[in-house]
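For reference, the chains in residue letters:
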Amino acid sequence: MLDIKWIREAPEALDRALARRGAAPLSAELIALDEQRRAHVTALQDAQEKRNAASKEIGKAKAQKDEARAAALMAEVADLKGFIQAGEQTERELDKALADALAVIPNVPLDDVPDGHDETGNVVYRTHGELPAPQNFTREHFEIGEALGLMDFERAAKLSGSRFTVLKGGLARLERALGQFMLDLHTTEHGYTEVIPPLLVRDEAMFGTGQLPKFAEDLFRTTDGRWLIPTAEVSLTNLVREEILDEKDLPLRFTALTPCFRSEAGSAGRDVRGMLRQHQFNKVELVSITAADASLAEHERMLACAEEVLKRLDLHFRVLTLCTGDMGFGSQKTWDIEVWLPGQKAYREISSCSVCGDFQGRRMNARYRVAGEKATRFVHTLNGSGVAVGRALIAVMENYQNADGSVTVPSALVPYMGGTTRIG
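Since we're looking at a predicted model, the values are computed, not measured.

A. Region of the structure containing the overall build of the chain. Across its full length, the chain holds 12 helices and 18 strands. C-alpha extents for the chain along the principal axes are approximately 105 × 45 × 40 Å. Of all 424 residues assigned to the chain, the portion counted as buried reaches 48%. Taking the intrachain contacts of the chain between residues at least 6 apart in sequence as the baseline, contacts between residues at least 24 apart amount to 71%. With an accessible surface of roughly 20200 Å², the chain has 50% of that area assigned to carbon and sulfur atoms. Within the chain, one finds 52 positive and 62 negative side-chain charges whose respective centroids are separated by 3 Å.

B. Quick look at the sheet that holds strand β15 (residues 376-378). Spatial ordering of the open sheet is given by β8-β14-β15, a layout of three strands whose pairing is mixed. Across the chains shown, the open sheet's two edge strands, defined by having one partner strand only, are β8 (244-246) and β15. In this sheet, neighbouring strand axes are inclined to one another by 40 degrees on average, regardless of whether the strands run parallel or antiparallel.

C. View of the pattern of salt bridges. Applying the stated criterion across every chain yields a total of 26 salt bridges. With its nearest N and O atoms 3.4 Å apart, the salt bridge here joins Arg69 to Glu57. Of this pair, Arg69 sits in helix α4 (residues 67-103) while Glu57 sits in helix α3 (residues 27-63), and the two are 12 residues apart along the sequence. For Arg69, a relative accessible area of 40% translates into the label partly exposed. According to the relative accessible area criterion, Glu57 is partly exposed, its value standing at 27%.

D. View of the sheet that holds strand β16 (residues 380-388). A sheet is described by the order of its strands in space; here eight strands give the open sequence β1-β11-β12-β13-β16-β10-β9-β4, paired in mixed fashion. Two strands lie at the open edges of the sheet, namely β1 (123-128) and β4 (193-194), each paired on one side alone. As paired elements, β1 and strand β11 (residues 317-321) share five bridges and run antiparallel to each other. Bridge pairing in β11 places Val124 opposite Leu320. Against the sheet, helix α7 (residues 169-188) engages β4, β9 (252-261), β10 (280-290) and β16, with an angle of about 165 degrees to β9. Contacts from helix α12 (residues 389-399) reach β9, β10, β12 (333-341), β13 (346-355) and β16, with the element oriented near 35 degrees to β16.

E. Expanded view of the pairing of β16. Along β16, nine of the nine residues are buried, which leaves the element largely enclosed by surrounding structure. Sheet topology note: the β10/β16 ladder contains seven bridges and is antiparallel. Paired with Glu285 across the two strands is Ser385, which belongs to β16. One ladder, built from three bridges, connects β13 with β16; its direction is antiparallel. Paired with Ser354 across the two strands is Asn383, which belongs to β16.

F. Fine view of the nonpolar core. Core analysis: the largest hydrophobic core is formed by 53 residues, its most contacted members being Leu178, Met182 and Leu313. Residues within four places of Met182 in sequence aside, it is in contact with Val284, Val309, Gly386, Val387, Val389 and Ala392. By size, the runner-up hydrophobic cluster in this structure holds 24 residues, among which are Ala232, Phe254, Ile289 and Ala366.

G. Representation of the packing of α7 against helix α10 (residues 295-312) in the model. At a closest axis distance of 10 Å, the pairing of α7 and α10 adopts a crossing angle of 130 degrees. Taken as axis vectors, α7 and α10 run oblique relative to one another. Between α7 and α10 lies a crossing of right-handed hand. Taking contact as the criterion, the partners of Phe181, Met182, Leu185 and His186 in α7 are, on α10, Cys305, Glu308, Val309 and Arg312. Each residue belonging to the contact of α7 with α10 can be placed in one class, and the counts come to five nonpolar, one polar and two charged.

H. Seen up close, unusual backbone geometry. Put simply, Leu212 and Pro213 share a cis peptide bond, and its omega is 5 degrees. Tracing the chain through its elements places Pro213 in the loop between α8 (203-209) and β6 (220-221). In this chain, Gly386 is followed by Val387 through a cis amide linkage whose omega measures 10 degrees. Examined against the element boundaries, Val387 turns out to sit in strand β16. Positive phi, normally seen in glycine, also occurs at Lys65, with a value near 60 degrees. With respect to the helices and strands, Lys65 occurs in the loop between α3 and α4. The exposure class assigned to Lys65 is exposed, which follows from its relative accessible area of 70%.

I. Focus on the packing of aromatic side chains. Within the structure shown, the criterion is met by five aromatic pairs. With 5.1 Å between their ring centres and 70 degrees between their planes, Trp340 and Tyr347 make a pair best called edge-to-face. Accessibility expressed as a relative area gives 23% for Tyr347, which makes it partly exposed. Among the aromatic residues, those joined into a cluster by ring pairs are Phe215, Phe329 and Phe359. Arg363 extends its terminal NZ or CZ atom over the ring of Phe207, reaching a point 4.1 Å from the ring centre.

Rules used throughout
- Residues numbered from 1 in each chain as written.
- Predicted model: local features only at pLDDT ≥ 70, side-chain atom pairs only at ≥ 80, totals over all residues.
- Heavy atoms only, no water.
- Helix = DSSP H or I, 4+ residues; strand = E, 2+ residues; numbered from the N terminus.
- Buried < 20%, exposed > 50% of the residue type's maximum accessible area, 1.4 Å probe, protein only.
- Contact = heavy atoms within 4.5 Å.
- Areas by Shrake-Rupley, 256 points an atom, 1.4 Å probe, with all protein chains shown as cover.
- Lys, Arg positive; Asp, Glu negative; His and termini not counted.
- Charge placed at Lys NZ, Arg CZ, Asp CG, Glu CD.
- Pairing = 2+ DSSP bridges.
- Axes fitted to C-alpha atoms, helices over the stretch in contact; angles between N-to-C directions.
- Salt bridge = Lys/Arg side-chain N within 4 Å of Asp/Glu carboxyl O.
- Core = buried A, V, L, I, M, F, W, Y, C linked by side-chain atoms within 4.5 Å.
- Parallel < 35°, antiparallel > 145°, perpendicular 65-115°, else oblique.
- Left-handed = near helix turned anticlockwise from the far one by under 90°.
- Nonpolar A, V, L, I, M, F, W, Y, C, P; charged D, E, K, R; others polar.
- Phe/Tyr/Trp six-rings, centres within 6.5 Å; stacked < 30°, edge-to-face > 60°.
- Lys NZ or Arg CZ within 6 Å of the ring centre and 35° of its normal.

Now the structure itself:
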């Protein structure tokens, strides 16, 4: 959420940021809402001061046995009391109107984010490794998995409908191995604290990280009003909601391997074959909570942590800087890691690392205290995939497939596979 004080001081900056995201200017509308709220609050405060002053005068009038003046003052106090009671309800309504308007405004992109309308405006930031030479036996992951009898979409559809998968045997273990390998790497070498968080969260948590109110249709909701997390970012980031931290304890770095649930309402018809776009998938998430002056350096660090997963698996990938038209609602800047899938002959996203500034901290009311300062500041937050486990499985299957239909296990995963070096 953006700061209304900043919007009042720099309305042109907000409108420029919205224009870069392809949105209409909103500063005048927001300032008008805030002016209405501020004027009403001022009138309410004046009425409260008049009531207090009149109440004191009643006592004086009675002491002087001036019953007529006392009666007039009592009538004035009664009128003011009625105005104040109605005014307090109006104040709540005006506060909500402003908060609701601010809640759906996206974050302000950093200056170095490229402008663009959609994914065609993204810019390659760097590339790792060489593009693998094409092989005449190359197939897509679902062809490999079905031929092995270890990836079953038909039975998954019987259980749950489309966009679900049943993994069995060696592929089930390979996916589990990938998740454990990532967790071990991030906790033992990258300094993240492992967390097993709730998968069901309340409205406030979804609001804190920006999924609500704008993106409710992309989520799954339970009958008791809770939400299934679309990413562990929601649970991990909200660990600090409504708290005041000490700057000396920052940064906080959390990681979790969880199922994620997305209705994918906006992607009908895309990637209907295979595991690329599922309603349920596993992902290792990275979240950092930092001080304001440390978040950009933490962004570089987080990207390097996610890249290391793919480097250890010896996979070719590239990093893109997302343009203003393709970056997420709460992001100031996002890097996407795209891994090469030879079966598709295309790069596909496997990680997205974003710095959000104080956008989520403000929504969560999560702050930190700097030594020697009385006022508190909102924390800065970052999140990234470290990485999407199901997509890592796809990448391994397609890049390590053999002519006989088997899949070689990357050396980094062999210890997690009980020594197994090949799935056939």
